[in-house]
Amino acid sequence: MPNFLHRRNFLRFTTGLGLVVGLDYFSPAYAKQIKSIKADQTQLKYPEIIDLIIQETGVKIGEQNATGITVNNSIPAPLIRLKEGQIAKINVTNKLDEDTSIHWHGIILPVKMDGVPGVSFAGIKPGQTFTYEFPIIQSGTYWYHGHSGLQEQRGHFGPIIIDPIESDPFQYDKDYVVMLSDWTFEDPYDVLKNLKKMSSYYNNQKRTVENLSEDSMWRQMRMDPTDIADITGATYTYLINGLVPETNWTAIFKPGEKVRLRFINGSAMTFFDVRIPGLKMTVVQADGQNIQPVIVDEFRMGTAETYDIIVEPKNEQAYTIFAETMDRSGYARGTLAISQGMTAPIPKLRERPVRSMKDMGMNHDMSGMNNNLHMNHDMSGMNSNSTMNHDMSGMNSNSTMNHDMFNDEAVPNISNDFGVRNAGVPMMVQSRLNEPGIGLENTGTRVLVYSDLRNIAPGYDQRKPDREIELHLTGNMERYMWSFNGKKYSEEKEIAFYKGERLRLTFINQTMMEHPIHLHGMWMELDNGAGQYKPRKHTIIVKPAEKLSVEINVDVSGKWPLHCHLLYHMKVGMFRTVAIMDHPVEAG
């Protein structure tokens, strides 16, 4: 079984090292190695049974000692490598003094194997072993992580590679996992308390009195234009494969080789902007799904997204793998080089971006408006049903309908008033799928945008949606309240999907923050203007004041989570359970 640090080996490996052992000893093989993990798949032996042990372990992050939640004594957890078509059988033993779990992010599997306590199973009690067993019906790059409390923030995550039955539609010579994460030496629950007391607790980049007049509008909305990330480099250390920038994780290549880099954003709260100065990057997979290749200079990763890229370094030199945080408060760094120990210049952090009125849906012609910034609109004529189901049964059956439904024009935000749980409702909302995102607008380089993503083959189901559900992403940054439709999970738990339907789910972001929305158990086909070639995603960034839609084949049973993958947003209530129900019988 490749890339696993067995307990027997671990004990032999660490004898005499003491209670706190350097992280290098615990880093999984793929993080430390200088060899590619590319292998002849006909020669690879995939494990029939995988044993994972979750426990607290002394680790070292950079030069500091800490205690993390490890899987088989490593952060990140060991690489799990599987083969499409096999049955995965994974024994997970809990050696913590609290419940734990593992969720297999992006994997299509039976509901009882999804690994979310309170939704799909009861969790794994201390001292217990739970066996996950499910068929592997897909291929690509994915990851796994704890779904209990805030354990993910403490290191409970790792990568998954599923090799395809058929060959990949692209060629490469070397293959590396590049797992990004954020680490804090604070107790994650203290971090949450700090945010609840003062949402800007970790924002060290606030503007000064010089911008007092300029920021007056924002203050009236109880917002700050420098609110780019809730948690920043003020407490976070950013890692590649568990290693700090100074350690310089390195991937080795020979000039002229095609190098596949499997980027996984396993962070709790961080968006990364990824580039390799001096190299073009060809994006070939998004969220584990093959896409039509896109050549870019940079791409943004929301929490939980994955992108596979191919680079072709021609020269005998080093190249920096630079993952800069969206708020420019820090970075993770590695190197592509022809030999270990080489380095390349590290780019300077770019200027911190600042929110604009566009992020509040206010960049449109407002010449006829007065200066009243109270943006709760008169919606007395609206239906009070906040879920807003729309019957689409009257639509024609033209097969091009899916493409035609895409609309990127700004429209008035005629949403409900979501009360105190939502502050600063945008006046207009629109698709922003062709925008690279804040801080990447004017780089002068080619940045990946969602409208670039095209599946390599037409969708497997060309039915038009039967029904539409609107789901509003709501929040009050000042009070650190995050919710859907103005209600946190404890107040409104379920959304009903109907078994067998093809559903259009429309997200409307009423907040000034980006939210990576993750649906378990089903693919979301992003309506980005690609028609039949809509890309399939398990996690989708919804920008401020953005309205975007996905189409979903409801071909499963049971209950599945739908939530923001920013860990602390999910924890405070931006979470729902999707209940798969029989379609109601129409009267008469």
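Quick look at the structure, then. Everything numeric in this text was worked out from a predicted model, so none of it was measured.

## Let's talk about the overall build of the protein
Within the protein, the regular secondary structure consists of seven helices and 33 strands. Looking at the protein as a whole, 61% of its 588 residues are labelled buried. A fraction of 78% describes how many contacts in the protein between residues 6 or more apart in sequence connect residues 24 or more apart. Surface exposure of the protein reaches about 23200 Å², of which carbon and sulfur atoms provide 48%.

## A few points about the pattern of salt bridges
Enumeration according to the criterion identifies 33 salt bridges in this entry. Note that Asp168 is salt-bridged to Arg260, the shortest N-O span being 3.1 Å. Taken together, the residues span a long stretch of sequence, with Asp168 in the loop between β8 (157–163) and β9 (174–184) and Arg260 in strand β12 (residues 259–265) at a distance of 92 residues. The pair Asp168 / Arg260 is uniform in exposure class, with both members buried. A salt bridge links Asp297 to Lys280; the nearest nitrogen and oxygen atoms lie 2.8 Å apart. Taken together, the residues span a long stretch of sequence, with Asp297 in the loop between β15 (289–296) and β16 (298–301) and Lys280 in the loop between β13 (272–275) and β14 (281–286) at a distance of 17 residues. The exposure class of Asp297 is buried, given its relative accessible area of 19%.

## Quick look at the nonpolar core
In terms of nonpolar packing, the biggest core is built from 126 residues, with Trp104, Leu261, Leu336, Phe497 and Phe507 touching the most fellow members. Leu261 has contacts with Tyr176, Val178, Ile276, Tyr307, Asp308, Ile309, Val311, Ile321 and Leu336, leaving out every residue within four places of it along the chain. Within the second largest apolar cluster, 16 residues are counted, among which are Leu79, Phe157, Val177 and Val244.

## Overview of the sheet that holds strand β5 (residues 103–105)
To summarise the sheet geometry, strands pair through backbone hydrogen bonds and adopt either a parallel or an antiparallel arrangement. Taken together, four strands build an open sheet; the order of strands is β3-β8-β7-β5 and the sheet is mixed. Pairing within the sheet leaves two strands with one partner each, and these edge strands are β3 (80–83) and β5. Recorded for the sheet is a direction-independent mean angle of 25° between the axes of neighbouring strands. Sheet topology places β3 next to β8; four bridges connect them, and they run parallel. Of the residues in β8, the one forming a bridge with Lys83 is Asp163.

The rules we used
Residues numbered from 1 in each chain as written. Predicted model: local features only at pLDDT ≥ 70, side-chain atom pairs only at ≥ 80, totals over all residues. Heavy atoms only, no water. Helix = DSSP H or I, 4+ residues; strand = E, 2+ residues; numbered from the N terminus. Buried < 20%, exposed > 50% of the residue type's maximum accessible area, 1.4 Å probe, protein only. Contact = heavy atoms within 4.5 Å. Areas by Shrake-Rupley, 256 points an atom, 1.4 Å probe, with all protein chains shown as cover. Salt bridge = Lys/Arg side-chain N within 4 Å of Asp/Glu carboxyl O. Core = buried A, V, L, I, M, F, W, Y, C linked by side-chain atoms within 4.5 Å. Pairing = 2+ DSSP bridges. Axes fitted to C-alpha atoms, helices over the stretch in contact; angles between N-to-C directions.

Don't take any of this as a statement about function, it's just geometry.
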